[in-house]
Amino acid sequence: CHQVNLEFLAKGVIERDGYLLPDTLVGTDSHTPMVNGIGVLGWGVGGIEAEAAMLGQPIYMILPQVIGLELTGELKEGATSTDLVLTIVKLLRDYGVVGKFVEVVGDGLDNLTVADRATISNMSPEFGCTDTHWPIDNQTLAYMRKTARSEAHIDTVEAYAKANLLWRNPQDKIEYTDVLRLDLGTVEPTISGPKRPQDKILLREAKETVKGLLSKTYTREYVPVDDRDTLIEAAVEGKIKSVPMKKGDLKFNLSDGAVVIAAITSCTNTSNPSVMIGAGMVAKKAVELGLDVKPWVKTSLAPGSRVVTEYLEKSNLLPYLEALKFHVVGYGCTTCIGNSGDMMDDVQKAVIENDMVVCSALSGNRNFEARIHPNIKMNFLASPMLVVAYALAGRMDFDMNNEPLGQTPNGTDVYLKDLWPSQAEINAMMDKVVTPQDFEKSYATVFDGDEAWKGLDAPTGQTYEWDENSTYIQEAPFFKDISTEVLEPEDIKGAKVLLQLGDMVTTDHISPAGKFLPEHPAGKYLVERGVQQRDFNSYGSRRGNHEVMMRGTFANVRIKNKLASKEGGYTTYHPSGEEMAVFDAAMRYQESDTPLVVIGGKEYGSGSSRDWAAKGTILLGVKAVITESFERIHRSNLVGMGVLPMVFMEGENQDTLGLTGNETYDIEGIASDLTPGKIVDVTATKPDGTVVKFQAKVRLDSGVDVQYYKHGGILHYVLRKFLEDE
């Protein structure tokens with residue numbers, strides 16, 4: 001959808017009721033800021049806030065700080081827009097831009113196309129900022145021409161922008177809260193991983209970094225590839241694991257560090273013809289030199305729009321990608337959201353049975369734990385060109401600069417440098433195959449749908465008819481027994497800790513989108529209703545059923561709860577000391593009307609604007625979440641569902657206060673004079689009677705937030721307004 005916004009829907013300037021206005025966008029996905037690349041102010045909000053907006057409720061926000069990002073120079077030969085955006089992720093995350101706007105300035109803009117800019121803006125949520133804005137300039141107009149906007153409209157955009165101080169002018173004396181600087185000439189080929197987009201790794205250091213990760217994180221002492229046959233024979237404890245396998249007549253070893261999924265995916269990169277054509281050229285040279293992907297690597301290609309397929313076909317590069325098994329599997333979110341499907345059957349069996357540490361390489365924007373696949377422990381973001389290269393290499397513990405990717409039929413070593421196209425080659429091909437006519441043709445029937453869409457039997461009427469037997473869609477209980485009167489908020493008394501978590505807990509940890517198993521609470525629910533495991537689909541596909549989603553809340557297989565002895569969605573039920581699934585414990589607490597709290601660290605709720613991360617939290621009975629800091633959208637979603645977000649005071653956290661998770665919490669100061677940012681008193685009583693008293697700041701950031709919280713959430717607020725009007 002983001003690529004369609006960029007290529008077709010965004011106008012730059014819109015006409016309404018005889019007036020010209022700057023184009024703006026609020027989207028229900030965190031990567032909505034991709035449209036910033038064409039000069040449109042836009043950002044993502046949670047589905048909860050968007051639902052309220054569709055019902056007429058305004059979207060409120062605090063006036064943000066604006067950070068200037070000054071880019072100078074130009075990218076060196078061999079560096080891509082992906083390398084640049086991964087460099088910027090690290091730069092802005094280290095600085096801290098959560099809740100802020102970033103505006104890009106500097107002479108480096110002359111050398112970045114709108115496609116490059118959109119690649120950068122797309123990853124705004126990975127930076128942490130609300131919006132990564134680019135001014136309208138000649139690059140904007142050039143992109144509009146390339147994507148078949150009319151000349152009359154382009155003239156209007158230029159005239160309006162110049163008349164209203166929206167046109168890029170290097171002479172403007174713009175004052176920013178702060179300015180960060182980056183010389184584009186310092187950007188090197190880069191990947192990020194194994195579990196956060198800001199985990200930047202220079203390509204030249206990738207092999208040593210991966211070796212270190214295997215050793216330090218997974219206690220797998222590194223053994224060179226050529227020496228791994230001895231591991232199979234001796235099964236050496238503490239060494240890299242290597243498993244013998246066979247595919248047809250081909251025998252090979254599958255080892256820790258192997259790339260088992262290589263995916264060219266995600267709107268971040270597939271919207272940029274430069275890296276997509278570059279990937280096709282890498283594939284072409286590889287095939288011509290007799291190289292192939294390793295037999296354990298599952299490959300896929302998922303463009304963001306059909307235009308990509310058309311120019312790959314026109315350039316005759318798609319057949320070479322397909323020769324390496326990078327077939328088009330669909331359009332939109334695939335591997336980047338966990339929709340890759342399983343690994344190859346025999347590979348997955350070996351990985352699970354031997355507890356192997358395997359990897360994915362993807363051109364996506366997120367690589368959080370268990371997001372790509374629950375059994376793939378390390379995930380690395382890379383340009384589409386490097387994804388092809390890693391599929392050829394078959395492992396992440398590989399030196400792309402000095403190790404051969406394979407040999408020609410006559411035995412000559414082939415290196416990455418032998419496959420890598422020059423920027424001049426890429427540009428020449430882009431000029432030849434990416435034309436306005438492609439965009440015009442592709443979008444001429446964009447709203448028509450295919451025959452399957454047209455043949456759907458869609459119900460009519462304005463009232464949805466619930467099917468009590470459906471395992472996909474059920475009426476959620478959010479409005480059950482809602483009162484017409486707004487009840488005064490109450491202090492939280494006698495609360496138990498459901499989970500005590502560390503830093504960088506993402507919305508994928510809180511509400512995973514991928515697959516689940518029959519032994520998981522969500523799986524048990526479906527099995528009880530006669531659903532076979534092969535028909536489970538994913539959490540994301542079943543988000544219309546709260547029964548599935550609340551069972552999946554905090555059920556990520558990689559979540560680390562300090563109240564559990566093992567990784568995954570488990571916790572300790574304090575009254576009995578039993579360890580059980582988070583869902584099961586929450587239901588027991590509800591039986592005794594025990595309120596719950598969640599304790600966290602820094603950057604709680606990073607990642608997707610996943611409203612179920614808040615909806616599931618409230619359905620489990622959580623009344624408050626106390627952390628060191630929140631990501632913007634998740635904080636807003638919690639407020640929108642009536643969960644109180646709170647932060648420790650500066651310099652304090654769960655460790656400095658000695659909180660272990662077995663305390664009983666009383667939170668006072670909510671019931672009276674609740675105001676934005678109020679400081680409330682928290683008492684945590686340990687089982688032996690020891691009391692820890694501290695204060696916390698309520699993250700209700702505005703008067704509107706306070707109103708939403710008092711109503712029990714934004715949708716309750718909107719519904720009561722409707723009832724008042726009636």
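A few points on the structure. (Residues numbered from 1 in each chain as written. Predicted model: local features only at pLDDT ≥ 70, side-chain atom pairs only at ≥ 80, totals over all residues. Heavy atoms only, no water.)

**Things to note about the overall build of the protein chain**
Here comes step 1: What the protein chain contains, in helices and strands, is 27 helices and 27 strands.
Here comes step 2: Principal-axis analysis of the C-alpha atoms places the extent of the protein chain at approximately 75 × 75 × 55 Å.
Here comes step 3: Out of the 726 residues belonging to the protein chain, those deemed buried represent 56%.
Here comes step 4: Relative to all contacts within the protein chain whose residues are 6 or more apart in sequence, the contacts with residues 24 or more apart total 72%.
Here comes step 5: In the structure as shown, the protein chain presents an accessible area of about 31,000 Å², 49% of it carried by carbon and sulfur atoms.
Here comes step 6: Within the protein chain, one finds 73 positive and 101 negative side-chain charges whose respective centroids are separated by 3 Å. (Helix = DSSP H or I, 4+ residues; strand = E, 2+ residues; numbered from the N terminus. Buried < 20%, exposed > 50% of the residue type's maximum accessible area, 1.4 Å probe, protein only. Contact = heavy atoms within 4.5 Å. Areas by Shrake-Rupley, 256 points an atom, 1.4 Å probe, with all protein chains shown as cover. Lys, Arg positive; Asp, Glu negative; His and termini not counted. Charge placed at Lys NZ, Arg CZ, Asp CG, Glu CD.)

**Some details on the environment of Lys623**
Here comes step 1: For Lys623, the location among the structural elements is in strand β23 (residues 622–627).
Here comes step 2: The spacing of Lys623 and Pro645 is 22 residues in sequence and 8.9 Å in space, taken between C-alpha atoms.
Here comes step 3: Once residues lying within four places of it in the same chain are set aside, the contact partners of Lys623 are Ile492, Pro595, Leu596, Val643 and Leu644.

**Points about helix α18 (residues 436–443)**
Here comes step 1: Taken together, the buried positions of α18 are occupied by Asp438, Phe439, Ser442 and Tyr443. Looking straight down α18, one finds its buried side chains confined to an arc of 110°; they lie on one side. Residues of α18 that are exposed and point over 90 degrees away from its buried face: Gln437, Glu440 and Lys441.
Here comes step 2: Those residues of α18 that are buried lie in contact with α1 (2–9), α6 (138–146), α12 (306–314) and α17 (423–433). (Arc of directions from axis to C-beta.)

**Description of the pattern of salt bridges**
Here comes step 1: For the coordinates displayed, the defined rule picks out 45 salt bridges.
Here comes step 2: Between Arg635 and Asp701 there is a salt bridge, with its nearest N and O atoms 3.4 Å apart. Taken together, the residues Arg635 in helix α25 (residues 632–640) and Asp701 in the loop between β27 (691–698) and α26 (703–711) connect sequence positions 66 residues apart.
Here comes step 3: Owing to a relative accessible area of 11%, Arg635 belongs among the buried residues under this scheme.
Here comes step 4: A residue is classified by how much of its surface remains accessible, and Asp701, at 27% relative accessible area, is partly exposed. (Salt bridge = Lys/Arg side-chain N within 4 Å of Asp/Glu carboxyl O.)

**Observations regarding the nonpolar core**
Here comes step 1: Core analysis: the biggest nonpolar cluster contains 107 residues, and Phe127, Ile191, Leu254, Ile277, Phe326, Val388 and Tyr390 have the highest contact counts within it.
Here comes step 2: Of all the elements, helix α15 (residues 384–393) adds the most residues to this core, at nine residues.
Here comes step 3: Every residue in contact with Leu254, bar those within four places of it in the chain, is listed here: Lys241, Ser242, Val243, Met245, Val260, Trp296, Val347, Ala350, Val351 and Met356.
Here comes step 4: Grouped together as the second largest cluster of nonpolar side chains are 76 residues, Ile667, Val680, Val682 and Val706 included. (Core = buried A, V, L, I, M, F, W, Y, C linked by side-chain atoms within 4.5 Å.)

**Re the packing of helix α2 (residues 47–54) against helix α27 (residues 714–725)**
Here comes step 1: Contact pair α2 / α27: the axes reach a minimum separation of 9 Å and the direction vectors enclose 15°. Here α2 is positioned roughly parallel relative to α27, judged by the angle of their axes. In terms of crossing hand, the pair formed by α2 and α27 is left-handed. Listed contacts from α27 to Ile48, Glu49, Glu51 and Ala52 of α2 are Ile714, Leu715 and Val718.
Here comes step 2: For the contact of α2 with α27, the per-class residue count stands at five nonpolar, no polar and two charged. (Axes fitted to C-alpha atoms, helices over the stretch in contact; angles between N-to-C directions. Parallel < 35°, antiparallel > 145°, perpendicular 65-115°, else oblique. Left-handed = near helix turned anticlockwise from the far one by under 90°. Nonpolar A, V, L, I, M, F, W, Y, C, P; charged D, E, K, R; others polar.)

**A few points about the pairing of strand β13 (residues 259–264)**
Here comes step 1: Most of β13 is tucked away, with six of its six residues classed as buried.
Here comes step 2: Note that β13 and strand β15 (residues 359–362) share four bridges and pair parallel. Note that in β15 the partner of Ala262 across the bridge is Ala361.
Here comes step 3: Here four bridges tie β13 to strand β14 (residues 298–301), and the two strands are oriented parallel to one another. Residue pairing across strands places Ala262 opposite Thr299, the latter belonging to β14. (Pairing = 2+ DSSP bridges.)

**Let's talk about a nonpolar patch on the surface**
Here comes step 1: Nonpolar side chains collect at one region of the surface, where Tyr464, Trp466, Tyr472 and Ile473 lie side by side and expose about 400 Å² of accessible area between them.
Here comes step 2: The topology assignment puts Trp466 in the loop between α19 (451–454) and β19 (492–500). (Patch = residues over 30% accessible without salt bridge, like charges linked within 9 Å, V, L, I, M, F, W, Y side chains within 5 Å.)

**Side note on the side chain of Thr617**
Here comes step 1: Locating Thr617 in the fold gives a position in helix α24 (residues 612–619).
Here comes step 2: For Thr617, the residues in contact, after removing those within four places along its chain, are Ile510, Thr553, Phe554, Trp612, Val622, Leu638 and Val643.

**Focus on the sheet that holds strand β22 (residues 596–599)**
Here comes step 1: With mixed pairing, the seven strands of this closed barrel are ordered in space as β19-β22-β23-β24-β27-β26-β25. For this sheet, the mean angle separating the axes of adjacent strands, direction not counted, is 35°.
Here comes step 2: Of the pairings in the sheet, the one linking β23 to strand β24 (residues 644–648) comprises four bridges and is parallel in character. Opposite Thr627, over in β24, you have Val647 as the bridge partner.

**Observations concerning α1**
Here comes step 1: Looking only at α1, the buried set comprises His2, Gln3, Asn5, Leu6 and Glu7.
Here comes step 2: Where α1 is buried, its residues meet β3 (24–27), α4 (114–122), α6, α10 (267–270), α12 and α18.

**Comments concerning the pairing of strand β2 (residues 19–22)**
Here comes step 1: Bridge count between strand β1 (residues 13–16) and β2: four bridges; the pairing is antiparallel. Each bridged residue has a counterpart across the sheet, and for Ile14 the counterpart in β2 is Leu21.
Here comes step 2: The hairpin formed by β1 and β2 contains two residues between the paired strands, and Asp17 there has a positive phi angle of roughly 55°.

**What to know about the packing of aromatic side chains**
Here comes step 1: Scanning all chains against the criterion turns up 12 aromatic pairs.
Here comes step 2: When the ring of Tyr604 is compared with that of Phe630, the centres are 5.8 Å apart and the planes differ by 85°; the resulting orientation is edge-to-face. Of this pair, Tyr604 sits in the loop between β22 and α24 while Phe630 sits in the loop between β23 and α25, and the two are 26 residues apart along the sequence. You'll find Tyr604 and Phe630 in the same group, each marked buried.
Here comes step 3: An aromatic cluster of three or more residues is present, and its members are Phe8, Tyr443 and Phe447.
Here comes step 4: Lying over the aromatic face of Tyr570, Lys566 brings its terminal NZ or CZ to 4.3 Å of the ring centre.
Here comes step 5: Taking the ring centre of Tyr573 as reference, the NZ or CZ of Arg588 above it sits at 5.2 Å. (Phe/Tyr/Trp six-rings, centres within 6.5 Å; stacked < 30°, edge-to-face > 60°. Lys NZ or Arg CZ within 6 Å of the ring centre and 35° of its normal.)

**A look at the sheet that holds strand β7 (residues 131–133)**
Here comes step 1: Pairing is parallel in the open sheet, where four strands are placed in the order β7-β6-β5-β8. Bordering the open sheet on either side are β7 and β8 (178–183), each of which pairs with just one other strand. When the angles between neighbouring strand axes are averaged without regard to direction, this sheet yields 20°.
Here comes step 2: In this structure, strand β5 (residues 66–72) lies alongside β8, joined through six bridges in parallel fashion. For Glu70, the partnering residue across the bridge sits in β8 and is Arg181.
Here comes step 3: On the sheet, helix α3 (residues 81–95) packs against β5, β6 (101–105) and β8 and is oriented at approximately 150° with respect to β8.

**A word on the environment of Ser629**
Here comes step 1: Turning to its location among the elements, Ser629 is positioned in the loop between β23 and α25.
Here comes step 2: In the structure, Ser629 is positioned 16 residues away from Pro645 in sequence and 9.5 Å away in space, judged by C-alpha atoms.
Here comes step 3: For Ser629, the residues in contact, after removing those within four places along its chain, are Gly601, Lys602, Glu603, Tyr604 and Val647.
Here comes step 4: Within the local environment of Ser629, its side chain forms a polar contact with the backbone nitrogen of Glu603, the two atoms lying 2.8 Å apart. (Polar contact = N/O pair within 3.5 Å; in protein donor to acceptor, adjacent residues only side chain to side chain.)

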